Amino acid sequence: MICQFYHFFLSNPVQLQGTAGVSMQPSEATWYNAVHEARRALDELSKLKERCNTTSLQSGDETLMRLVMKYQPLVTEVNQLQNIVAYMNWIVRAQQISSKIEVAMKAPSIDKHTVDLYLELVSMTAKLKDSQCRNLKHYVIETTHYWKQKLDDKMSNDFLALIKLLKWPMTASSRDHVISVWESVQEEMTQLMMLMIKMEQQDSPHMMTSQGEIPSLHDPVMLLLQQLAKPLKKRFCYHFSGSKKTNSLLKPEWYLSQVLAWIRDHSLFLEEKIQPLLDVAGVTVDVRVEFIRCLLQDVDEKLRHDLSSLADNEVATAHTIDELLSFERELRSSLSYGPPLPSCMGVLMEQKTFHKWITLEKKYIVERLTAFTSSPTAWDLQYSEVIDVDISKVTVCAEQLMSLMASITDRYKLLYSLPHQLDFTSVQLELLIEFHQDLMDASIRETQMSGRQAAYLNTALYIAMVMTEWGEQTFFLELHHCKEQLKHLIISGAHYSYSELSLATDSVGIAMLTGTLFDDVIRLFTQLADSIVNSMASHILNTWKAKCVQYRNLKWQNLPSSSDCVSMELSSVACDLLVSLRQQLQFLDTFVSQSACKKIWPIILAGLDSLMISEVILMCHFSEGGGAQLHYDITRNLVPLLAQHTGLRSSQVMMRSQEACRLLTLLPGSAKLLKELLGPVRQSRSDEDSYDVAMTSLADMNIYNLTPNDAHQILSKRLLPE
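Let me begin by describing the structure that accompanies this report. (Residues numbered from 1 in each chain as written. Predicted model: local features only at pLDDT ≥ 70, side-chain atom pairs only at ≥ 80, totals over all residues. Heavy atoms only, no water.)

1. A few points about the packing of aromatic side chains
Inspection of the entire model under this criterion finds 20 aromatic pairs. Ring geometry for Y146 versus W147: centroids 4.9 Å apart, planes at 80°, classification edge-to-face. Both rings, one in F475 and one in F476, keep their centres 5.0 Å apart while their planes meet at 75°; by these two values the pair is edge-to-face. Taken together, the ring pairs in this structure connect F354, W357, Y412, F424, W470, F475, F476 and F518 into an aromatic cluster. A cation over an aromatic ring shows up here: K244 above the ring of Y238, its NZ or CZ 4.5 Å from the ring centre. When the ring centre of F475 is taken as origin, the NZ or CZ atom of K413, which lies over that ring, is 4.9 Å away. (Phe/Tyr/Trp six-rings, centres within 6.5 Å; stacked < 30°, edge-to-face > 60°. Lys NZ or Arg CZ within 6 Å of the ring centre and 35° of its normal.)

In structure tokens form, the structure reads like this:
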């Protein structure tokens, strides 16, 4: 009889294939009868097994051995029947729970007991996770899913009915009504939300915490927030899809601004009323952030659809991208929804869309660059009304270029992928290199020192200065690190992904970087500035050299002694020389930036110092009066003029020329002795002792910048009495 029952059960597994709940109810009595028969058979076998165990087997008792051999298969079947009983107990318990839930669902609302019954089904599913009984496992899982859907639907409908009393969704005008009604529905809503949370804490614990990885934009949102966002999502679909007039491809700002308004209108309520309930339930997610993410899911889908439809319309595509960037900026700044929270920027990083965006940006940049470089005011001073305090002398063109660079940075800075940002820096570098080439060509055509040449110089130095500051910012250091990694991977031939590059920008790697992202561009503009500086300095020095001819031809050896003059005056020939120089220095002060002047002053001072010695002092012979006149012209007129414009002390200007004048005005006896002392040093430079003595002697006379040879040559140009 037991064998017959066992084989009958195994031959009818189809009875387990029912779906869930009510579909199994007609066979419930059959299952109880089967379990009863199985238990009775097990009792008989148990008695037989005890009888066998209590009988001591003798080695020669063949009758007993045959008895054991006879009942051994039956014992095996007993074990299998025990498993079947346990199997049927699982099914019976699942059906009992289903019956109770079905009865509870007829009540007006869901209570805690109903949720506990469902959670028991969830627990059964977890226990059967590793079971080999596929039919049983499938049955319990399907039963659990069936009742989850039913409970979710029931609680969602109840929740929507409650928030409808609040006149949800909210508007700015209905906020007072919501606050007044909240007190009357708070208790019921709190109880319902707690039950919804309790169910999800068991089903989807990963959605109940903000710890760990940040969810992507389209990851599931907890049921409570889905229901809060559902009315708004319906409105979004109604107004911004289909044939509605508000669904315009040319007006993305309509739906983007509407979503921003919804977020603003509901944020305070979510933070003050809903968030505390989640905190009490142990749910650590930010309800406002998750609510925003739920709304952004629809925005993301809408944007993808619209951009694909606008593939051939550059103007509309550019407008949609601009509006999305403004939307993202508003989210991050005003609504405190910043990175690394998921957003809609992933739409712009799709390969096809990103390529289109880059292409549009390049086209826009070229148009803007052409427009402001060809403007008649391009090389005027941007801040001409405050020229006295504008030390950089920024041109209109330079300021517009840097503004364009900054606007490009602000746009792609919203992307959360460093490699995609790096693609935009390549566009910026191309822009700067193209502008540098135009600036260099223009400076070559400007052969004379002029206001336009000064504007080119100021522009080059200003761009180099700004790029140096940018390169030291953390944002651009991260991009530089990413670029160096990418370069290394390409050289090594290793496989890589953009996500790996993004994660690799650690602080240690950045600290070990050498150089910046803009070093090549900085070098180009610095070299151009140096070239213009040298050109302007050469012009000033050449002018000075040409005018020095008349000054040099002054009869220095015939000038009367200073003791014969009432007072010293600037020589008439030097007036024209100094007037010309003063005009050029005033031009530099007025039109050249302070940083450019710092570059040009050393060149001019060194050049004037050298020209004064080589073109005047060493080319003439000086009487006592001639030396005194030269000393007066240089120390009382030329040196103060240069000190005034360079901001240096008089002792730091024309130092070699001033020391030469000192030699030319020494007392005759001292001059003779010094010349005799320096003579052997000049002829035999290998005598270190004599050289040291000569240098010491010069130092005693406060001469530190002339060599013994230079000093001897200058003294040789002095006419000394025999």
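2. What to know about unusual backbone geometry
Omega for the bond connecting W168 with P169 falls within 30 degrees of zero, at 5°, which places this linkage in the cis form. Its location among the elements puts P169 in the loop between α5 (134-165) and α6 (175-203). The omega torsion of the bond from P339 to P340 falls at 10°, within 30 degrees of zero and hence cis. A positive phi is found at K167, a non-glycine position, where the angle reads about 60°. In this structure, K167 sits in the loop between α5 and α6. Take K167: its relative accessible area is 52%, and that puts it in the exposed class. Its identity as a non-glycine residue notwithstanding, N702 has a phi of 60°, on the positive side. Following the sequence through the fold, N702 ends up in the loop between α24 (688-700) and α25 (708-716). Using a relative accessible area of 47% as the deciding quantity, one classes N702 as partly exposed. (Helix = DSSP H or I, 4+ residues; strand = E, 2+ residues; numbered from the N terminus. Buried < 20%, exposed > 50% of the residue type's maximum accessible area, 1.4 Å probe, protein only.)

3. Here's the deal with the nonpolar core
Counting residues in hydrophobic clusters, the biggest one holds 196 residues, and the most contacted among them are I274, M467, W544, L588 and L630. In terms of residue count, helix α18 (residues 519-552) provides more of this core than any other element does, 14 residues in total. In this structure, L630 is in contact with Y551, W556, M612, V616, I617, F622, C661 and L664, ignoring residues within four places of it in sequence. (Core = buried A, V, L, I, M, F, W, Y, C linked by side-chain atoms within 4.5 Å. Contact = heavy atoms within 4.5 Å.)

Just geometry here; none of it tells us what the structure is for.
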